[in-house]
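The residues making up each chain are set out below.
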Amino acid sequence: MRHSGQKGTRNTLQHAIGPFLVIAQFFGVLPVSGVWPSSRPEKVRFRWLSLSYLVALVLFTFSIVDCVLSSKVVLDHGLKIYTIGSLSFSVICIFCFGVFLQLSRRWPHLIRRTAECELIFLEPGYDCKYGRSYSSRLRLWGIIMCVSALCEHSTYVGSALYNNHLAIVECKLNVNFWQNYFQRERQQLFLVLHFSEWWIPFIQWTTLSMTFVWNFVDIFLILICRSMQLRFQQLHWRIRQNMGKQMPPEFWQQIRCDLLDLSDLLGLYDKELSGLIVLSCAHNMYFVCVQIYHSFQSRGNYADELYFWFCLSYVIIRVLNMMFAASSIPQEARDISYTLYEIPTEYWCVELKRLNEIFLSDHFALSGKGYFLLTRRLIFAMAATLMVYELVLINQMAGTEVQKNFCEGGVGSSKSIFS
């Protein structure tokens with residue numbers, strides 16, 4: 001069946017984010033089958049006995065082992081800022097993999113419910129630029145965020161390689177370059193493993209997977225929130241197209257039913273994604289606080305300096321993207337309510353009043369387990385908290401500079417994203 005200019009199944013969530021979910025499966029994230037862009041939502045399945053689930057389980061288990069070994073490093077060498085980094089990263093990755101594993105069991109139901117709601121917005125009445133560019137817009141957001149994440153990881157690897165070279169040259173170490181590199185970067189693993197080139201592919205894959213899931217929490221939320229924003233924009237467009245006309249009550253009744261379907265879908269997302277939202281806000285706040293603390297310390301060479309500022313800027317932009325994407329949903333709903341008040345009084349009817357009451361009574365916002373709503377007000381609240389934290393650090397660390405001898409870094413001396 002042809003759905004006007006919106007090309008049927010192409011402008012759906014399944015088609016739009018399918019490529020990113022396929023990539024995510026390689027890194028053990030959201031292990032469900034049938035996520036190809038061309039697949040229908042009915043074919044999406046979660047299977048306990050599947051390769052994707054086995055991959056996810058291996059990486060989840062590895063994160064736990066990595067956390068235990070990182071804890072041993074902290075116990076052996078003391079709770080220091082350069083030993084806690086790997087432990088923090090492992091703990092966050094455990095939660096990230098765990099939340100996505102939990103979500104994967106509910107994802108088939110979520111994507112099917114989404115597909116049912118999307119049928120409404122593929123009808124000719126909602127044929128507008130927001131609907132026609134739905135898939136391309138979401139993919140553009142996803143590509144931009146994934147490329148940014150790749151650039152951030154590249155600066156990390158470049159900084160680590162340069163520091164490894166300096167360690168060998170300046171400290172006069174008689175070791176193999178790659179052996180020293182991996183032992184610096186993942187020293188906790190070599191507490192129990194003997195270094196061998198056969199371990200390198202596995203170490204690289206697990207490192208990339210943990211870095212990917214750390215990034216994908218925000219990227220996934222951005223894609224979901226932007227998809228909901230576009231559907232509200234389609235609803236808004238249809239109302240604006242008819243606001244200057246005397247529309248029958250049946251029209252406003254249909255708009256109200258479409259809004260209720262969209263609201264129910266948003267409520268389902270709020271229920272299933274609230275764990276991801278809490279995790280995202282928590283680990284991003286922690287990371288930014290740690291990096292602000294590091295901004296008062298000497299970071300050494302230019303490679304460290306470049307990585308530090310690029311990484312901090314990237315994470316701030318990433319979390320702001322996620323929060324602005326989430327807050328755009330209630331903002332768009334608020335804009336629709338303002339548009340309703342522009343309709344002449346003589347055109348109002350009972351159904352239009354009922355529609356307006358829904359906008360007045362519902363907040364149309366995602367939440368973090370019901371503790372907070374993702375609105376623009378929350379963005380300013382988090383920014384204010386970070387500013388207070390920075391002012392306290394300025395007062396406590398004024399005139400101090402911490403820099404340890406390069407050759408005395410010891411365990412955990414690599415530039416981890418959390419250390």
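These notes cover the structure that comes with them. (Residues numbered from 1 in each chain as written. Predicted model: local features only at pLDDT ≥ 70, side-chain atom pairs only at ≥ 80, totals over all residues. Heavy atoms only, no water.)

## Some thoughts on the packing of aromatic side chains
Phase 1 of the analysis: Taken as a whole and assessed by the stated rule, the structure comprises 27 aromatic pairs.
Phase 2 of the analysis: What links up through ring pairs into an aromatic cluster is the set Phe26, Phe27, Phe100, Trp107, Phe212, Phe216 and Phe220.
Phase 3 of the analysis: Positioned above the aromatic ring of tyrosine 134, the side-chain terminus of arginine 231 is 3.7 Å from the ring centre.
Phase 4 of the analysis: Over the ring of tyrosine 126 we find arginine 238; its NZ or CZ atom is 4.8 Å from the centre of that ring. (Phe/Tyr/Trp six-rings, centres within 6.5 Å; stacked < 30°, edge-to-face > 60°. Lys NZ or Arg CZ within 6 Å of the ring centre and 35° of its normal.)

## So, the packing of helix α9 (residues 302-340) against helix α10 (residues 350-361)
Phase 1 of the analysis: Taken N-terminus to C-terminus, the directions of α9 and α10 make an angle of 145 degrees; their axes are 10 Å apart at the nearest point. Between α9 and α10 lies a crossing whose hand is left-handed. Contacts between α9 and α10 involve Ala333, Ile336, Ser337 and Leu340 on the former and, on the latter, Leu352, Leu355, Asn356 and Phe359.
Phase 2 of the analysis: In the contact of α9 with α10, the residues fall into 6 nonpolar, 2 polar and no charged. (Axes fitted to C-alpha atoms, helices over the stretch in contact; angles between N-to-C directions. Helix = DSSP H or I, 4+ residues; strand = E, 2+ residues; numbered from the N terminus. Left-handed = near helix turned anticlockwise from the far one by under 90°. Contact = heavy atoms within 4.5 Å. Nonpolar A, V, L, I, M, F, W, Y, C, P; charged D, E, K, R; others polar.)

## Brief notes about the side chain of asparagine 242
Phase 1 of the analysis: For asparagine 242, the position within the fold is in helix α7 (residues 200-242).
Phase 2 of the analysis: From its side chain, asparagine 242 meets the backbone oxygen of arginine 238 in a polar contact 2.8 Å long.
Phase 3 of the analysis: Excluding residues within four positions of it along the chain, asparagine 242 makes contact with Met247 and Phe251. (Polar contact = N/O pair within 3.5 Å; in protein donor to acceptor, adjacent residues only side chain to side chain.)

## Focus on the pattern of salt bridges
Phase 1 of the analysis: Here the structure, examined in full by the defined rule, presents 10 salt bridges.
Phase 2 of the analysis: Residue glutamate 42 is joined to arginine 40 by a salt bridge in which the shortest nitrogen-to-oxygen separation is 3.5 Å.
Phase 3 of the analysis: Given the relative accessible area of 43%, glutamate 42 is considered partly exposed.
Phase 4 of the analysis: Here arginine 40 falls in the partly exposed class, since its relative accessible area comes to 46%.
Phase 5 of the analysis: Note that arginine 132 is salt-bridged to aspartate 127, the shortest N-O span being 3.0 Å. (Salt bridge = Lys/Arg side-chain N within 4 Å of Asp/Glu carboxyl O. Buried < 20%, exposed > 50% of the residue type's maximum accessible area, 1.4 Å probe, protein only.)

## Section: the nonpolar core
Phase 1 of the analysis: Residues Phe100, Trp107, Phe216, Phe220, Phe232 and Trp252 are the most contacted members of the largest nonpolar core, which totals 115 residues.
Phase 2 of the analysis: Broken down by element, this core gets its largest block of residues, 20 residues, from α7.
Phase 3 of the analysis: Those residues in contact with tryptophan 107, other than ones at most four positions away along the chain, are Leu13, Ile17, Leu21, Leu30, Val32, Val44, Phe220 and Ile224. (Core = buried A, V, L, I, M, F, W, Y, C linked by side-chain atoms within 4.5 Å.)

## Here's the deal with the packing of helix α8 (residues 249-294) against α9
Phase 1 of the analysis: Direction vectors running N to C along α8 and α9 enclose 155 degrees, while the axes themselves pass 11 Å from each other. Our classification of the angle between α8 and α9 gives roughly antiparallel. At the point where α8 passes α9, the crossing takes the left-handed sense. Where α8 approaches α9, its residues Trp252, Leu266, Ser280, Cys281, His283, Asn284, Phe287, Val288, Gln291 and His294 are matched on the opposing element by Phe308, Cys311, Leu312, Val315, Ile316, Arg318, Val319, Met322, Ile329 and Leu340.
Phase 2 of the analysis: Across the contact of α8 with α9, the residue classes break down as 14 nonpolar, 5 polar and 1 charged. (Parallel < 35°, antiparallel > 145°, perpendicular 65-115°, else oblique.)

## Observations regarding the environment of aspartate 66
Phase 1 of the analysis: Examined against the element boundaries, aspartate 66 turns out to sit in helix α2 (residues 51-77).
Phase 2 of the analysis: Look at aspartate 66 and you get buried, because its relative accessible area is 2%.
Phase 3 of the analysis: Aspartate 66 sits 23 residues away from phenylalanine 89 along the chain, and the two C-alpha atoms are 9.6 Å apart.
Phase 4 of the analysis: Residues within four places of aspartate 66 in sequence aside, it is in contact with Ser86, Ser90, Arg186, Gln188, Leu189 and Met210.
Phase 5 of the analysis: Side chain to side chain, aspartate 66 and serine 90 meet in a polar contact 2.3 Å long.

## What to know about the environment of histidine 283
Phase 1 of the analysis: Assignment of secondary structure puts histidine 283 in helix α8.
Phase 2 of the analysis: Residue classification places histidine 283 among the buried residues on the basis of a relative accessible area of 3%.
Phase 3 of the analysis: With 190 residues separating them in the primary sequence, histidine 283 and cysteine 93 have C-alpha atoms 9.9 Å apart.
Phase 4 of the analysis: Look past the residues within four positions of histidine 283 in its chain and what remains in contact with it is Ile92, Trp214 and Arg318.

## Focus on helix α3 (residues 84-121)
Phase 1 of the analysis: Helix length check: α3 (38 residues) gives 49 Å between terminal C-alpha atoms against 56 Å at 1.5 Å per residue, more than 12% under.
Phase 2 of the analysis: Its maximal kink placed at arginine 106, α3 deviates by approximately 50 degrees, while the proline proline 108 follows within four residues.
Phase 3 of the analysis: Counting buried positions along α3 yields 27 of 38 residues, so the element is predominantly enclosed. (Expected span 1.5 Å × (residues − 1). Bend = angle between axes of the 7 residues up to and from the residue.)

## So, unusual backbone geometry
Phase 1 of the analysis: Positioned with a positive phi, leucine 30 is a non-glycine residue whose angle comes to about 55 degrees.
Phase 2 of the analysis: Along the polypeptide, leucine 30 turns up in the loop between α1 (13-26) and α2.
Phase 3 of the analysis: Looking at leucine 30, the relative accessible area reads 2%, which means it is buried.
Phase 4 of the analysis: Positive phi outside glycine occurs at lysine 369, with the angle close to 60 degrees.
Phase 5 of the analysis: Position of lysine 369 relative to the elements: it lies in the loop between α10 and α11 (376-397).

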